[in-house]
Amino acid sequence: MRSFNDFKDASAVSEAIKNGELTPVDAVQLALDAIDRENQRSNAVVYVRREEALREAATLTDLSAPFAGVPILIKDLNQHLEGTPLTSGARLDKYYVSPSTDFFVQSLIDAGFIIVGVTNVPEYGFKTQTDSVLHGDAKLPIAPERTPGGSSGGASAAVMSGMVPIASGSDAGGSIRVPASYTGLIGLKPTRGRTAMGPGSWRGWGGASIHFALTRSVRDTERLLLALQTEQEASPFHVNPLREADFAAAKRTFKYLRIAYSSYNPYVKQDSPEVTALLAKAVAACRANGMHIQEAIPDIGQRELYRSYMEMNGVDTVGMIHAIEQNLGRSVSADDVEPLTWSIYQYGRLLPNYTLENSIALWDQAAWSMAQFFEDYDLYFQPTTSMSAPIRSDIHESEDLKERMRHYETLDADEQARTINEAYSTSQRLTSYSWIYNVTGHPSISIPIGQNSEGLPIGLQVTAPKGHEDWLLACAAFFEARGDFYQPSL
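Residues numbered from 1 in each chain as written. Predicted model: local features only at pLDDT ≥ 70, side-chain atom pairs only at ≥ 80, totals over all residues. Heavy atoms only, no water.

Turning our attention to the overall build of the chain. Broken down by element type, the chain carries 17 helices and 13 strands. The C-alpha radius of gyration computed for the chain amounts to 21 Å, which stays within 12% of the reference 23 Å derived for 490 residues, consistent with globular compactness. The C-alpha extent of the chain, read off along each of the three principal axes, is 65 × 55 × 50 Å. Looking at the 490 residues of the chain, the share that counts as buried comes to 62%. Here the contacts in the chain between residues at least 6 apart in sequence split such that 78% fall between residues at least 24 apart. Entry remark: accessible area of the chain is about 18500 Å², with carbon and sulfur atoms responsible for 48%. One way to put it: in the chain the 42 positive side-chain charges average out to a point 4 Å from where the 59 negative ones average out. (Helix = DSSP H or I, 4+ residues; strand = E, 2+ residues; numbered from the N terminus. Rg over C-alpha atoms; globule rule 2.2 N^0.38 Å. Buried < 20%, exposed > 50% of the residue type's maximum accessible area, 1.4 Å probe, protein only. Contact = heavy atoms within 4.5 Å. Areas by Shrake-Rupley, 256 points an atom, 1.4 Å probe, with all protein chains shown as cover. Lys, Arg positive; Asp, Glu negative; His and termini not counted. Charge placed at Lys NZ, Arg CZ, Asp CG, Glu CD.)

According to the stated counting rule, one finds 19 aromatic pairs in the structure shown. Here the aromatic rings of Phe381 and Phe479 are separated by 6.2 Å at their centres, their planes lie at 55°, and the arrangement is tilted. Of the two residues, Phe381 sits in strand β11 (residues 379-383) while Phe479 sits in helix α17 (residues 469-482), which places them 98 residues apart along the sequence. Judged on exposure class, the residue Phe381 and its partner Phe479 are both buried. (Phe/Tyr/Trp six-rings, centres within 6.5 Å; stacked < 30°, edge-to-face > 60°.)

Once that is clear, we can look at the layout of surface pockets. In this structure, the second largest pocket spans a volume of roughly 250 Å³. Forming the walls of the second largest pocket are Arg192, Arg203, Gly206, Phe237, Met312, Val315, Asp316, Leu356, Ile360, Trp363 and Asp364. Taken together, the elements giving at least two residues each to the lining of the second largest pocket come down to α10 (302-328) and α12 (355-376). Ranked by residues supplied to the lining of the second largest pocket, first place goes to α12 with 4 residues. Residue classes in the lining of the second largest pocket are distributed as 6 nonpolar, 1 polar and 4 charged. (1 Å grid on protein atoms, 1.4 Å probe; cavity = no way out; pocket = protein on both sides within 12 Å on 5 of 7 lines; lining within 4 Å. Points joined across faces, edges and corners; volume = space filled by probe spheres on them. Nonpolar A, V, L, I, M, F, W, Y, C, P; charged D, E, K, R; others polar.)

As a further point, take helix α8 (residues 244-252). Here α8 has its buried residues at Asp246, Phe247 and Ala250. Angular distribution of buried residues about the axis of α8 spans 100°; they occupy a single face of the element. Projecting away from the buried face of α8 at angles above 90 degrees are the exposed residues Glu244 and Arg252. The inward-facing, buried residues of α8 abut α7 (218-228) and α17. (Arc of directions from axis to C-beta.)

Let's shift gears to empty space enclosed by the protein. A complete count under the given rule lists 2 cavities of 30 Å³ or more for this structure. If you add up the space inside the largest cavity, you get close to 70 Å³. Taken together, Arg192, Gly193, Thr195, Met197, Trp202, Arg203, Gly207, Ser209, Ile210, Gln232, Ser235 and Phe237 make up the lining of the largest cavity. Grouping the amino acids of the lining of the largest cavity by side-chain chemistry returns 4 nonpolar, 6 polar and 2 charged.

Set out below in structure tokens:
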């Protein structure tokens, strides 16, 4: 065995460990060897827990947890493991080490995983490409000139290249789903409140952000969701727990679900032809299965809502920078952070004090509109992205834009408006189908249903009513059983 691509998925690794075919030490060593070999190609991993992971594997005797002994990588952003560096892809946090383990990472440990390292992210997760000044670009393993996405780009690249069979991620606007689409993985963003938050933060980006993982199979995704779902009294968001029987029932009754589909996209003039063709293929497959499926679009004013998403991000960034300044004992300057971070911070500082309240009101109205939409439909099909993985240099910021972002506070009002819109434009384009469900809190998944003419993966995004990840995974299982999954690996 050279990598975890020799296994079907994390469940297969778990079975091999439980059956005695593989020891936890063997599994961890396989991960470490694959990281050493493959990270030069992808720059997916920024920190390795070599001695700690081997020690934890050697002392593991209880194999009853669902993923006991299976190696995993965690994300270098808001996923704290005591004694482990957490840089957030930022030079300001280059030497930060987590003083304690947060509830989500603890839930991974409780599920049996052994954490072998930390994956690359863009600075503070602000981009849909992973290109921090601190750690450099993460690269798509099968085409290094292209991006594996972001902000969970290091995670997606690591799983695609076989470093680990599964990697954790987080999603505040598509940061699990978009990388999954680019790398041929399953990327589930669960219902808001499904997985653990806290104790340091309970509502990342106003509640837009949620933790989960990038996986290779439906059974991994289902088993992981059952293992990680939680009910936290302190959480501002709650959702009814799912049972194993719910997933089984959803698969039996999948053909009776009502499906809407659309490629409506106010941010991209035209999807790539392969993306359009694969959406049509998914629709045709459901029709051939006797399902009720028709074109429909939720009644949501997306441009106004996206502006509120930008504003929430700006306000959140002001709070983040203020906390950093308190810890540093000094002010943060434009030289301390990347131009995008600085411009978002300055943008947030200039927003009126009623911005947060107005944004929350818009988000709640959007959630109500989606609830009305789901009175008529059970699932909503869209492309995950309008294109396959783009070339990294094509989506890097221009020097002119960087210069304006560095001096954002000195620009006049018109130039500020132009600059902040350009600053968000790339991520807006790359997440044009995904961000809205972070705002509304609905579960949404990217399923690897095909490829373009260059052999690059393309995902189908499926969204469901809150609490119905079982319907999403029944849909994924339908396409997986048909043999539609396209999952290239090295």
